[in-house]
Amino acid sequence: LQEDYVLDRGAARWWAESMVWYGPGGVGTAHSRSDYYAHWLKPLHAGFSNLTMATDLVVCEGKYCGAHFYLHGVHTGEWLGEAATGRKVPIRCGAHARIEGGKIVQ
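K.L.:
Would you mind going over the overall build of the protein with me for this structure?
P.N.:
Secondary structure summary: the protein contains two helices and six strands in total. When the elements of the protein are put in sequence order from the N terminus, they spell out α-β-β-α-β-β-β-β. Taken over the C-alpha trace, the protein has a radius of gyration of 14 Å; the compact-globule value for 106 residues is 13 Å, and the two agree within 12%. Here the C-alpha coordinates of the protein stretch approximately 40 × 25 × 25 Å along the principal axes. In the protein, buried positions account for 30% of the 106 residues. For the protein, long-range pairs separated by at least 24 residues make up 46% of all intrachain contacts whose partners lie at least 6 apart in sequence. Roughly 6400 Å² of accessible area belongs to the protein as shown, and the carbon and sulfur atoms make up 53% of that amount. Computing the positive centroid from 10 side-chain charges and the negative centroid from 10, the protein places the two 3 Å apart.

K.L.:
What's the story with the nonpolar core in this structure? I'm lost.
P.N.:
For soluble globular proteins, nonpolar side chains are generally found buried alongside one another. Tyr-5, Tyr-36, Leu-44 and Leu-71 are the most contacted members of the largest nonpolar core, which has 24 residues in total. Going through the elements one at a time, helix H1 (2–6), helix H2 (33–47), strand S3 (48–61), strand S4 (64–75) and strand S5 (88–100) are the ones with two or more residues in this core. With four residues, H2 is the largest single contributor of residues to this core. Aside from chain neighbours lying at most four places away, what touches Tyr-5 is Tyr-36, Trp-40, Leu-41, Leu-44, His-45, Leu-51, Met-53, Phe-69 and Leu-71.

K.L.:
Explain the state of the cysteines to me, please; I cannot follow it from the model alone.
P.N.:
Each disulfide consists of one covalent bond between the sulfur atoms belonging to two cysteines. Counted by the stated rule, this structure contains one disulfide. Cys-60 shares a disulfide with Cys-65; S-S distance 2.1 Å. One quick way to see it: the torsion about the S-S bond of Cys-60 and Cys-65 is about 115°, and its sign makes the bridge right-handed. You can call Cys-65 partly exposed: its relative accessible area is 23%. With no disulfide partner, Cys-93 has as its closest neighbouring cysteine sulfur the one in Cys-65, 16 Å distant.

K.L.:
For this particular structure, what's the right way to read the pairing of S5?
P.N.:
For a regular strand, the rule is simple: side chains alternate between the two faces of the sheet. The sheet contact formed by S4 and S5 spans 11 bridges and is antiparallel. The residue bridging Tyr-64 from the neighbouring strand is Arg-98, located in S5. Both S5 and strand S6 (residues 103–104) contribute to a ladder of two bridges, which runs antiparallel. By the bridge assignment for S6, Glu-100 is matched with Lys-103. Connecting the antiparallel pair S5 and S6 is a turn made up of two residues, with Gly-101 showing a positive phi of about 60°.

K.L.:
Can you help me understand unusual backbone geometry in this one?
P.N.:
Peptide bonds are, in most cases, trans, and in most cases residues other than glycine have a negative phi. In this model, Asn-50 sits at a positive phi of 55°, which is unusual for a non-glycine residue. Tracing the chain through its elements places Asn-50 in strand S3. Given the relative accessible area of 63%, Asn-50 is considered exposed. One non-glycine residue, Leu-80, lies in the positive phi region at around 50°. Positionally, Leu-80 belongs in the loop between S4 and S5.

Thresholds, definitions, all that
Numbers given for residues are sequential positions, taken from 1 along each chain in its written order. Note on the predicted model: pLDDT of at least 70 is required for a residue's local features to be given, and 80 or more for side-chain atom pairs to be given and counted; whole-chain, interface and lining totals, by contrast, use all residues. Computation of side-chain values covers all heavy atoms of the structure but excludes hydrogens and water. The way it works is that DSSP assigns letters per residue, a run of H or I at least four long becomes a helix, a run of E at least two long becomes a strand, and they are numbered from the N terminus. Every radius of gyration here is taken over C-alpha atoms, with the globule rule written as 2.2 Å times N^0.38, N being the number of residues. Only protein chains enter the accessibility calculation, which uses a 1.4 Å probe; a residue whose area is less than 20% of its type maximum is buried, one above 50% is exposed, and one in between is partly exposed. In what follows, a contact means two residues having at least one pair of non-hydrogen atoms within 4.5 Å. All accessible areas in this document rest on Shrake-Rupley with a 1.4 Å probe, and a residue is counted as covered only by the protein chains that are shown. Residues scored as positive are Lys and Arg, those scored as negative are Asp and Glu, and His as well as the terminal groups of each chain are ignored. Here the site of a charge means NZ on Lys, CZ on Arg, CG on Asp, or CD on Glu. For our purposes a nonpolar core is just a set of buried Ala, Val, Leu, Ile, Met, Phe, Trp, Tyr and Cys residues, chained together by side-chain atoms within 4.5 Å. To count as a disulfide, a pair of cysteine sulfur atoms needs to be within 2.5 Å. One bridge is not enough; two strands pair if DSSP finds at least two bridges between them.

Next up, the structure:
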């Protein structure tokens, strides 16, 4: 999460090439690592600068993991059709993952 959301490495390297990611309303579902980058990560980084992440909880059992965290950033670009406000905003996130072969597949 840190690499994708805060550091913007652009690789989404922990995701399998053939994966499914269920995004929030207004974003939709990604069916590949490149879709996930193009429709979630790239717009996120275009809409917000100075992103930080505060993780509240990470729990894993077997091949399943869940996390709750907040992203904080300055709204400096368009995000989901909303023009930049210049305000620092929190984005509350919940993530659930199924891991196969060391990669997130869903």
